Structures are given as structure tokens and as C-alpha cells.
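Fold and contact review
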Amino acid sequence: SALSELWAKEAWGQWTLIDPDYIKPHNIVRHAANDFHIGHFKVDVVKHFMEANYHNDYSVVAIPDSVTNDNNHLVKEAINAADFLVDATTTLEAPRDLSRKDDVPRLCSVFLTPSGCSSVLLLEDADRKVRLESLEAQYYRAIIEADWGATHLVGHQGSLFVGAGCRDISMILSNEAVLLHAATLARQVRLLRDQTEPCMRVWSSNLGTGAIVAQEIPVHKTVRTTSTVWQVIWDTGIQEKLRAIRKVHLPNETGGVVLGYIDQKLKAIYVVDVLPAPPDSDADPTGFTRGVDGLEASLQEVVRRTANIVGYIGEWHSHPPSVSAKPSQTDRCLIKKLSEILAQDGLPALMLIVGEAEFSLSVREI
């Protein structure tokens, strides 16, 4: 509601608002709505405020439904007619579902972190070659690797959302923090909309001093690989990291674990990052056996930093020079055993092999 009010004051854009939610008593402390709006659809309330700025000179369309409801022709028509779509849903499924579609406009996702101390902007490029689902995975990698990621998602209340959102009644968040970040995001979205490149930015605020620090997250090209019924989404940043680790350990093989998450509905496996070989691993020019020293603690820290979203999804290892990246008989036996273990949680197993000039990805499930 704060973003909408700012853009309406600037007369920026001709907006269609899509949201099935309605105003509840706990929303009033942070929403533009007043207490007499309780029970009204949020889109109707925001539409009223946006249009009231300039009477009949500014028109807004409100659709009280889910943005992913393909059965509502009004939703589909609004999305197809738009040239830009801003996701502020606080959910994971909406931006993922939308980013998989080819008949939607350029997407931008904005949200606050659970503590209210940080805000995030993920923006696709104008040609949609790097989509929100890939940006989400790269954003998690930044959280895992960067110093600021240690406390970035502190305060989350579950694994279904990026963090606790506006629908969580127990959420404690100052409206001052909402407006602070809304102003930053509103301006950034408006300015970046005119640029063609993808963008990922994080703003961290010190609520005591008012200082804000901006972090620019590098965006890498998306790589999509299909294996059986699964599509694996990763990026050139992970490829560069794997090549660098392999090069350091030559002439020996090396390896480690693959970090990511799996969307059963979309049949998609998102590779977020890789961990190097634990110190108790065994390696030589003809083989590699991964150790376990310190691995459990590393995995727990990954899960903690990413609000229970990113975790173990498989194994990776390198092959020596002049050897293909295709799985060997030993590799095939390993992924078979791995798939039997992960099947207990209803998950597929992934194996990634790094060769001299190529990669191979294998997915297997029971």
C-alpha cells in the first residue's frame, strides 16, 4: 500500500492491483487502510487512496483475486496487457510461478525481511533471460557467502515464506521501518525500470541511527538443464566457482555437496551453491571420497541463514584432465544409492560432475 501511494503521488504508471486478501484488524498499524476499512479487499482500499489524489485524473483497476489464478480472465487480461509486473506478495510461489511463464511482462520482486531491518529488490532483465526464479537462487547464495547474510533473515517464522509476512498476526514490525524501505524501493523500482539489465540489491538499515547500507549482488546468466522430468536451474556463477575449486586441486580430483532447494509442483531443482571438500576427504588423480568433518555445522548454518529454504540436494565432484564429465560406473552406483536415501524424504538425488571443459548433471529418483 505504501509503494502504491508513492507511485500514485508521482502519477507513475497505470496500475492494476491484484490481491485476494482483505483488511484485518492487525493490518491497520502498517497498512494505508483505516479501521473502518476492516473487511474490505485490500485492492479496493488501495485503489481508493490512489485515485483520491487527483480525483478523476488517475484511474486504477482492482482485482480481488490471486495473481496466479489462470482461470480468472480478468487477471490474465491484465497481466497480458501490462509491460511491467511488481510482485510484493511476501510468498515464494507467486514469483516462481510467474517467472516460469513466457506470456507475462518483465518481473520485479520487492519485499521486507522479517526483522524489518532490510529490504530486497530482484529485477529481471528487459528480455527476461535471467528470470526471478534464477535471481531468487542467486540471492540465497549471496546470503550464504556474504557477511551481511548472517543476520539478514533473522526472525523468520517458518519455511513457507521468505520470512514472516504481513499475513502473520504475531509479526512485530514498526510502520516507520515499512515506510523507510517503501520509499527506497519505490524510487529504485521507478529508476531501474528504465534500464535493461537485471538487478539484485539489498538495503540494510540501522533502526537506531537511521543509517542505510546498500549491497549490490552480482547477477549471473541462467543455465537450464533438463534431466528426466526435472529441470535444473543454476547459473554461470556456480560454474565459475566449480572450475576454480577443481583447478586448485589438480591433478587430484575433488568434490563436495550441492546446496539448493526443490519445487515439487514446478518439477524444478534450484542449485544455489556448492561446498568444497571437507578436510578429512580422500583424493588422488583417479578418485575422490568426500569426508564429513565440519559438514553438518556448515549445512546447519546454510539452513539458518536462508530461513530453512536452502539445504543439501546432492553431491558434486571433478574429473581429471582428458576425462569426460560423463558419469562413470562408480558415479552411477553412487547416485543410485543417494537416490534411495533421499527417497525417504520424497526427494530426487542430484549429481554434478565438473570436467576439463564441460559439466554433467544427473537426476535420479526412486
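Our subject in this report is the structure included herewith. (Residues numbered from 1 in each chain as written. Predicted model: local features only at pLDDT ≥ 70, side-chain atom pairs only at ≥ 80, totals over all residues. Heavy atoms only, no water.)

Comments concerning a nonpolar patch on the surface
What counts here: Like charges are joined within 9 Å and nonpolar side chains (Val, Leu, Ile, Met, Phe, Trp, Tyr) within 5 Å, but only among residues with over 30% relative accessible area and no salt bridge; these make up the patches. Using the Shrake-Rupley algorithm and a 1.4 Å probe, accessible areas are obtained, with residue cover drawn only from the displayed protein chains. Salt bridges are defined by distance alone: a side-chain nitrogen of Lys or Arg within 4 Å of a carboxyl oxygen of Asp or Glu. The way it works is that DSSP assigns letters per residue, a run of H or I at least four long becomes a helix, a run of E at least two long becomes a strand, and they are numbered from the N terminus. Working definition: with a 1.4 Å probe on protein chains only, accessible area under 20% of the residue-type maximum means buried, over 50% means exposed, and in between means partly exposed.
A cluster of nonpolar side chains, contributed by Leu180, Leu207 and Ile212, occupies part of the molecular surface with about 230 Å² of accessible area. Here isoleucine 212 shows up in strand 7 (residues 212-216). Residue classification places isoleucine 212 among the partly exposed residues on the basis of a relative accessible area of 35%.

Some words on the side chain of aspartate 235
Spelled out, the test is: Two N or O atoms form a polar contact when they lie within 3.5 Å of each other; inside protein one atom must be a possible hydrogen donor and the other a possible acceptor, and for residues adjacent in sequence the pair counts only when both atoms belong to side chains. Contacts: residue pairs with any heavy atoms within 4.5 Å of one another.
Note on placement: aspartate 235 falls in strand 9 (residues 230-235). Only 2.8 Å separates the side chain of aspartate 235 from the side chain of arginine 141, close enough to count as a polar contact. At 2.8 Å, the side chain of aspartate 235 forms a polar contact with the backbone nitrogen of glycine 237. If we ignore the near neighbours within four places in the chain, the residues touching aspartate 235 are Gln138, Arg141, His220, Lys221, Thr222 and Val223.

Examining the packing of aromatic side chains
Condition: Ring geometry is summarised as follows: Phe, Tyr and Trp rings, the Trp one being its six-membered ring, pair when their centres sit within 6.5 Å, and such pairs are stacked at plane angles under 30 degrees, edge-to-face over 60 and tilted between the two.
Evaluated as defined, the whole model comprises eight aromatic pairs. Pairing phenylalanine 111 with tyrosine 139 gives two aromatic rings, centres 5.8 Å apart and planes at 75 degrees, and the pair type is edge-to-face. One end of the pair, phenylalanine 111, is in strand 4 (residues 106-112); the other, tyrosine 139, is in helix 5 (residues 132-145), and 28 residues separate them in sequence. Across the pair, exposure class does not vary: phenylalanine 111 and tyrosine 139 are buried alike. Look at tryptophan 234 and phenylalanine 359: their rings are 5.6 Å apart centre to centre, the planes differ by 85 degrees, and that puts the pair in the edge-to-face class. Of the two residues, tryptophan 234 sits in strand 9 while phenylalanine 359 sits in strand 16 (residues 359-364), which places them 125 residues apart along the sequence. Comparing tryptophan 234 with phenylalanine 359, the two get one shared label, buried. Ring pairing ties together the aromatic residues Phe111, Tyr139, Tyr140, Tyr261 and Tyr270, which thus form one cluster.

Re a negative patch on the surface
Condition: Note that His is not counted, nor are the chain ends; the positive residues are Lys and Arg, and the negative ones are Asp and Glu. The atoms used to mark charge sites are NZ of Lys, CZ of Arg, CG of Asp and CD of Glu.
A grouping of Asp280, Asp282, Asp284 and Asp293 is seen on the molecular surface, where their side chains present a negatively charged patch. Mapped onto the elements of the fold, aspartate 284 is located in strand 12 (residues 282-284). The exposure class assigned to aspartate 284 is partly exposed, which follows from its relative accessible area of 34%.

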